[in-house]
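Structural characterization, general
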Amino acid sequence: MENRKLSKPVCFLILCSSISLVMAMGENTSISVNVGVILDLDNSLNTKVWLSCIKMAISDFYTSHGPSKTRLVLNIKDSRSEVVDAAAAALNLIKNVQVEAIIGPKSSMQANFVIDLGDKAQVPIISFSATSPSLTSLQSSYFFRAAQNDSSQVKAISAIIKAFGWRVAIPIYVENAYGEGVLPSLVDALQDVRVRVPYRSAIPPTATDDQLAQELYKLMTMQTRVYIVHMSPSIGSRLFAKADEIGMMKEGYVWIMTNGLTNHLSSTNASIINSMQGALGLRTYVPKTEELIDFRSRWKRQFQHENPTIIDVELDVFGLWAYDAAYALAMAVESVGTTRSLFGSQTTNASINSSTDLETLRISPSGRELSHSLSSTRFRGLAGDFSFFNGQLQSSVFEIVNVNGDGARGIGFWSPQCGLMKDMSKKIDANSSYSTSKSDMGQIIWPGDSTSTPKGWELPTNSKRLRVGVPVKVGSPEFVKVVHDPVTNRIDVTGFCIDMFNAVMEGLPYAVTYDFIPFAKPDGTSAGTYNDMVHQVFLGNFDALAAATTIRANRSLYVDFTLPYTDSGVVMVVPMKDSKSRNAWIFLKPLTWDLWLTSSCSFIFIGFVIWVLEHRINDDFRGPPSHQVGTSIWFSFSTMVFAQREKVVSNLGRSVVIVWAFVVLILTQSYTASLTSLLTLKQLQPTCTDINELLKNKESVGYPKGSFVRDLLIEKGFDRSRIKSYTSPDECDQLLEYGSAKGGIAAAIDETPNLKLFLAKYCTKYTMVGPIFKTDGFAFVFPKGSPLVPDVSRSILNVTEGEEMKNIENKWFGKKATCSVTNPMFSDSSSLGVDSFWGLFLISGFSSCLALILFATSFFFRHRHIFTTIRGSSICRKVGVLFRVFDEKDITSHTFRNKNLGRVEPSASPCSICQPSLSSQHSNHTDIQESPF
C-alpha cells in the first residue's frame, strides 16, 4: 500500500522531467540572434523602466507565438551618457559580439554616430528615444525611429498659438542636436500662422542655475511673454524651478512644453510639477486599450519584483515605444528566418591586417533582409498602430494638457487631419476640416491661477520709455507743431496728430510711457522726408511715429501701420474761373434742345386737340382753314402768358386746358429761374478737372516738400523740371496765382486733409478736384511685428467712433476757415432737360388723348347711321361724308341754340332755318339730340 503511494509522486516527477527535456530540445532547435541594447546605465529610473519593457516584449512575443525559429539574445551596453561611449559600445557590439541589430541609443546626439556605424556594417539601428529631426537628414536605410519625430508636433504648437491670437513667441531650447534639430521646422510652422520669432533662447546643456537665471532675466526685459520650451527633462525641470523662483510663472506669462518634457511628467518630482503650474504641454496620445491596461498591470508587478526598493513608478510613452520596438524587431527577425550560415563574417576591406578597426568592420549577412522586414512590419502596438514609413514611425495624435495641481489635466487633442479637438469622439478622415479655434479646447488655468487668456506680451517694468518720432515741418502746424524753448530747453509738441496719439494711448488697457522726439538736425531743421523718418523706425532709432504718415505699400515692407485714423486720398487744388456766357443767344441755354423740341410739339398738339374739341360748337375755331390753323396755334402758344382771347366752351376742352396751363406754368417758372441764374450768378468752374490734361499740356504742378506725392507724379509721367515743391500754404497760393506760364504751378497736388486746410483759407479762389490717386489714410507707425499694433488699432476705432474725435477735429480745424464754406458750391450751368419734366408731359398727353377718345366715341355713336343707311357706297365715300358732317356746325349744341332763341333773320324763312343738312339728305329721318359734351 505504501509502495503505491510512493509511486504516484515518482511518476509525476518523471513526467515533469520529460516535458522539460522536450522543451529544452525545442529551445536548442531555435537560433540565437544577438541583439545589442545601448542605454545610459546610470541607475536612472527611466533606464530601468525601458529595459524592463524591452525584456517583457521579447518574452511576450515568444510566449504568444509558440515554437520559433529564432530567439533574441540581448547584449546590454552602457553609454555612460556620452557620445563617445555610445559609439564605442556600438562598435564593440558590431565587431566583437556580432549583433544583427541594435536597440538604442538614448539621445539623438549619441544616435548620430551610431547610425553611421550601423549603415557601414548594415546593422539596423532602432531607437525609441532619439527624436531629433536632424537624424532624418542622414537618410540611412538602416536607421529606424520607433518614436515620434519632434517636428511632428510643431503644427500642433502653431495651432495653439494661432487659436489665442498671439503674434510673437520665443523658443527656449537646449543647445545641442536635440534642441537645435526642431528649431527650423518650428520657426517655419510659426511663420505659416504669421507668428514672429524675435529671439531664440539657447541654453547650454551644462548650464548652471546662475546661467539659467541670467537668461530668464534677459527674457523678462523683452515684451514677449509666450515661450516654447524644448528641452530634456533634466535641464527643463531646473529651468521651470528657476522661472518660478524669479517670478516668471505669474499671470501674463504663457509656457508651452513640447512632448520631450510633457511625456515625462508622470515621473517628474512633485516640487518640479508645482513650479510648472499653468503651463501647457503636448504629449503623445496613447489610446487606453484592454491590452495596455493588462500590460501596465503585469509590468508593474514584474518591475516591483525586480526593484523592490522603487515604489509608485509610472510607465511613460517611451517605455511603450521601447516595448513596441523590441516586439517589432522580434517579429522581423522571425520573419527573416535567420540560419546559422548567415553569421559568417565579411569585411568591407580585403586586407585583414588593416590598422584601422573601422576598415575591418564586419557586414551583417542578414542586415539587408532584416531592414526590409522591419520596413514591412505592421501591428497594433501598445502605443498605437506601429509601422515605419521611410524608417520613421508615423505621426499620431497629440494630447494637449494643462499642468494643474499635482499633475497634468487634458484639455484637448490635435491631429494632422482635424487640428484642435475637444475630445477624440470626432471622426478623423481625409475630409475633416482643420480647426485652430480655442473653443475646441477645454478651460485653461494659466500661470498665476488666472482664467483670463494672457495677451502674450507686456511692457517690461524696467524697460525704457518709447521714443515716438515727430516731424519738424514749416507748413501745416495744425497736424504737428514742434516748438523749442531755448530758455528751458524744453520741446513742446502739439497738433491734431499729437492729440490723436495721446487719446489713443490713453485708451489702451495698460499704461504706456513715451516721449516725443523731433526728427530734426542739431540746428532744429527737418532731418529728412517722411520716408526717411519711417526708415528710422525700421533701424530702431524710433519706437513709433506720431505724424500724418500715409499708409504706403513700400513702407509696409519695413514697418507696421495701425488702422488709419483719418480718411485720405491724393487730390489736386486748381484755380476757379468764371465761365458765364456773354452772347446774344443765352436765352436759349436754360433749356436743352430736346426740351425745346418737346415743348414746341406739345404746344402744337394741344392746339390741335382744342381745335378738334371746339370746332363744331365754337365760332372762334371756325372759318377759313388758314384762320382755323392760326387760331389753334395762337391759342396754344398764348397760354404761356395766359393771353388767350378765345373761349373754350366744351367740358373736354376745358379739362385739357387746365392740365396744360399747369404744365406751362411749371415750364415758364423753371425757365425764368434758370435764365436768371445764368444772367446774374458767377459760373465758377475749375480750370482743370483731369490730371492727364495737365500732363498733356505740360503744365507745372506743385507738391508739399518731403511728401511722397513727388514719387507718384514722377510715376505718372510728369517731367521732374515741372514738379515744384512748396513749404507753406502761402507759398502754394503764390505759385497758383502766378500760374504755370509765369513760373508758378497750374495745380497743387497733396493729400486730402492737407488741402482741406488750404481751402479753409482760400476757398473763394480755388477748388478741389479728385481724388486722383487712392491712399489708405494717415496711421501711426510701429516696428515690424510690434505687439502694440493690434491694441493701438482697436483703441483708434474707439476714439474715432466716439465724441473725442469730433472734439479734437473742432479744436484744430473747426475755427480755421475764413470762408463761409470750406468747399464752395458752384452754380451749375447745365441746361434743363426733358428728364426733369417728362412726368408733366406724360400727364398732359394722357389727358389730351383721353379727351380725344371720348369725343370721337361720342361723335361716331351719334352718326353711326351714316355707315348703315348709305348703301352701295365705298368706305372712302362714307368717311368723306363723316368728315363733312364734322366740319359743319352742331346746331343742336347749347352754344348755338342760345344764340338763335328769340331772334329771326329778316331775309330768312322758316324753311331756310330748318333746311336739312347734307347728312339728312341721305337718311329717312334725323334724330336730334343734344350732345352731353
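A brief look at the structure comes next. Keep in mind the model is a prediction, meaning the values are calculated, not measured.

1. Comments concerning the overall build of the protein
Counting its regular elements, the protein contains 30 helices and 30 strands. When the 933 residues of the protein are sorted by exposure, 48% land in the buried category. Taking all contacts inside the protein whose residues are at least 6 apart in sequence as the whole, residues at least 24 apart take part in 72%. Taken as a whole, the protein presents about 47,000 Å² of accessible surface, with 55% of it coming from carbon and sulfur.

2. As for the nonpolar core
The biggest cluster of nonpolar side chains holds 52 residues, and the ones touching the most others in it are Leu72, Phe128, Phe295, Trp299 and Leu329. Elements with a contribution of two residues or more to this core: β1 (31-39), α2 (45-65), β3 (101-103), α12 (290-306), α13 (317-336) and α14 (367-375). Per-element tally for this core: the top contributor is α13, with 14 residues. Excluding anything up to four places from it in sequence, phenylalanine 295 contacts Cys53, Met56, Asp60, Leu315, Leu320, Tyr323 and Leu382. Membership of the second largest hydrophobic core comes to 49 residues, among which are Leu466, Val792, Met805 and Ile808.

3. Considering the environment of phenylalanine 295
With respect to the secondary-structure elements, phenylalanine 295 resides in helix α12. According to the relative accessible area criterion, phenylalanine 295 is buried, its value standing at 1%. Residues phenylalanine 295 and leucine 382, 87 residues apart in the sequence, show an inter-C-alpha distance of 8.3 Å.

4. A short note on the sheet that holds strand β10 (residues 280-284)
Two orientations exist for strands paired in a sheet by backbone hydrogen bonds: parallel and antiparallel. Judged by pairing direction, the sheet is mixed, and its eight strands sit side by side in the order β7-β6-β8-β9-β10-β15-β16-β17 without closing on themselves. The outermost strands of the open sheet, each flanked by one partner alone, are β7 (201-203) and β17 (419-421). Strand-to-strand twist of the sheet, defined as the mean angle between neighbouring strand axes without regard to direction, takes the value 25°. As judged from the four bridges shared by strand β8 (residues 226-230) and strand β9 (residues 254-257), these two strands associate in the parallel manner. Bridge pairing links valine 226 to valine 254 in β9. Across the sheet, helix α9 (residues 233-246) is in contact with β6 (170-174), β7, β8 and β9; its angle to β9 comes to roughly 170°.

5. Some points on the packing of α2 against α13
Where α2 meets α13, the closest approach of the two axes is 8 Å, and the angle between their N-to-C directions is 40°. Considering their axes alone, α2 and α13 lie oblique with respect to each other. Between α2 and α13 lies a crossing of right-handed hand. Contact residues: α2 offers Trp50, Cys53, Ile54, Met56, Ala57, Ile58, Asp60, Phe61, Ser64 and His65, while α13 offers Phe318, Gly319, Ala322, Tyr323, Ala326, Tyr327, Ala330, Met331 and Glu334. Residue composition of the contact of α2 with α13, by class: 14 nonpolar, three polar and two charged.

6. Considering the side chain of asparagine 176
Mapped onto the elements, asparagine 176 comes out in the loop between β6 and α6 (177-181). Accessibility expressed as a relative area gives 11% for asparagine 176, which makes it buried. In this structure the side chain of asparagine 176 is engaged in a polar contact, spanning 3.0 Å, whose partner is the backbone nitrogen of glycine 179. Non-local contacts of asparagine 176, meaning those with residues more than four positions away in its chain, are made with Met109, Gly181 and Pro205.

7. Here's the deal with the pairing of β6
Burial analysis of β6 places five of its five residues in the buried class, the great majority of the element. With four bridges joining them, β6 and β8 adopt parallel strand pairing. Following the sheet pairing, isoleucine 170 is matched in β8 by tyrosine 227. Direction of pairing for β6 relative to β7: parallel, over a ladder of three bridges. Looking at β7, one finds that valine 174 is bridged to isoleucine 203.

8. Here's the deal with the pairing of strand β22 (residues 544-550)
Among the seven residues of β22, seven are classified as buried, and the element is accordingly described as predominantly covered. Where strand β18 (residues 466-471) and β22 come together, two bridges link them in parallel fashion. When the sheet's bridge partners are listed, glycine 469 is paired in β22 with leucine 545. Bridge analysis of β22 against strand β30 (residues 778-783) gives three bridges, and the strand direction is antiparallel. Within the sheet, the bridge partner assigned to threonine 550 lies in β30 and is phenylalanine 778.

9. With respect to the packing of α13 against α14
Where α13 meets α14, the closest approach of the two axes is 9 Å, and the angle between their N-to-C directions is 125°. It follows from the interaxial angle that α13 and α14 lie oblique. Crossing handedness for the pair α13 and α14: right-handed. Here Ala328, Leu329, Ala332, Val333, Ser335 and Val336 of α13 come into contact with α14, specifically with Glu369, Leu370, Ser373 and Leu374. Class assignment for the residues of the contact of α13 with α14 results in seven nonpolar, two polar and one charged.

10. Looking at the packing of aromatic side chains
All chains considered together, the criterion is met by 41 aromatic pairs. Note on tryptophan 596 and tyrosine 671: the rings are 5.9 Å apart at their centroids and 75° apart in plane angle, and the pair reads as edge-to-face. Pair noted here: tryptophan 596 is in helix α17 (residues 593-614) and tyrosine 671 is in helix α19 (residues 651-680), with a separation of 75 residues, a long-range link. By relative accessible area, tryptophan 596 is classed as partly exposed at 30%. Considering the side-chain rings of phenylalanine 603 and tryptophan 660, the 4.9 Å spacing of their centres and the 90° angle between planes classify their relative orientation as edge-to-face. Of this pair, phenylalanine 603 sits in helix α17 while tryptophan 660 is found in helix α19, placing the two residues 57 residues apart along the sequence. For the pair formed by phenylalanine 603 and tryptophan 660, the shared burial category is buried. Above the face of the tyrosine 62 ring, arginine 71 is positioned so that its terminal group lies 4.3 Å from the ring centre. The ring of tryptophan 457 has lysine 455 lying over it, and the distance from NZ or CZ to the ring centre is 5.7 Å.

11. Thoughts on the sheet that holds β22
What the five strands build is an open sheet, ordered β21-β18-β22-β30-β23; its pairing is mixed. Two strands in the sheet have a free side with no partner beyond their single neighbour: β21 (514-519) and β23 (559-561). Pairwise comparison of adjacent strand axes, ignoring direction, gives a mean angle of 35° for this sheet. Across the face of the sheet, helix α15 (residues 496-506) comes into contact with β18, β21, β22 and β30 while running at roughly 155° to β21.

12. A closer look at unusual backbone geometry
Cis geometry is adopted by the peptide bond preceding proline 105, which originates at glycine 104 and carries an omega value of -5°. Structurally, proline 105 is set in the loop between β3 and α4 (108-121). The backbone phi angle of arginine 194 is positive, close to 60°, even though this residue is not glycine. Relative to the helices and strands, arginine 194 resides in the loop between α7 (183-192) and β7. When its relative accessible area of 70% is taken as the criterion, arginine 194 is described as exposed. Phi angles above zero are rare outside glycine, and asparagine 390 is one such case at about 55°. Mapped onto the secondary structure, asparagine 390 falls in the loop between β13 (388-389) and β14 (392-393).

13. As for helix α28 (residues 875-887)
For α28, spanning 13 residues, the distance from its first C-alpha to its last is 18 Å, which sits close to the expected 18 Å at 1.5 Å a residue. Those residues of α28 that sit buried are Lys878, Val881, Leu882, Val885 and Phe886. Seen along its axis, α28 keeps its buried residues to an arc of 145°; they face one direction. Of the exposed residues in α28, those oriented more than 90 degrees away from the buried face are Cys876 and Phe883. Looking at the buried side of α28, the elements it contacts are α17, α26 (838-862) and α27 (865-869).

14. Here we look at the pattern of salt bridges
Tallying each qualifying case throughout the model produces 16 salt bridges. Measuring nitrogen to oxygen at the nearest pair gives 3.6 Å for the salt bridge that ties arginine 225 to glutamate 458. Of this pair, arginine 225 sits in the loop between α8 (209-220) and β8 while glutamate 458 is found in the loop between β17 and β18, placing the two residues 233 residues apart along the sequence. The exposure class assigned to glutamate 458 is partly exposed, which follows from its relative accessible area of 24%.

Criteria and thresholds
- Residues numbered from 1 in each chain as written.
- Predicted model: local features only at pLDDT ≥ 70, side-chain atom pairs only at ≥ 80, totals over all residues.
- Heavy atoms only, no water.
- Helix = DSSP H or I, 4+ residues; strand = E, 2+ residues; numbered from the N terminus.
- Buried < 20%, exposed > 50% of the residue type's maximum accessible area, 1.4 Å probe, protein only.
- Contact = heavy atoms within 4.5 Å.
- Areas by Shrake-Rupley, 256 points an atom, 1.4 Å probe, with all protein chains shown as cover.
- Core = buried A, V, L, I, M, F, W, Y, C linked by side-chain atoms within 4.5 Å.
- Pairing = 2+ DSSP bridges.
- Axes fitted to C-alpha atoms, helices over the stretch in contact; angles between N-to-C directions.
- Parallel < 35°, antiparallel > 145°, perpendicular 65-115°, else oblique.
- Left-handed = near helix turned anticlockwise from the far one by under 90°.
- Nonpolar A, V, L, I, M, F, W, Y, C, P; charged D, E, K, R; others polar.
- Polar contact = N/O pair within 3.5 Å; in protein donor to acceptor, adjacent residues only side chain to side chain.
- Phe/Tyr/Trp six-rings, centres within 6.5 Å; stacked < 30°, edge-to-face > 60°.
- Lys NZ or Arg CZ within 6 Å of the ring centre and 35° of its normal.
- Expected span 1.5 Å × (residues − 1).
- Arc of directions from axis to C-beta.
- Salt bridge = Lys/Arg side-chain N within 4 Å of Asp/Glu carboxyl O.

None of the figures reported here should be taken as evidence of function without further support.
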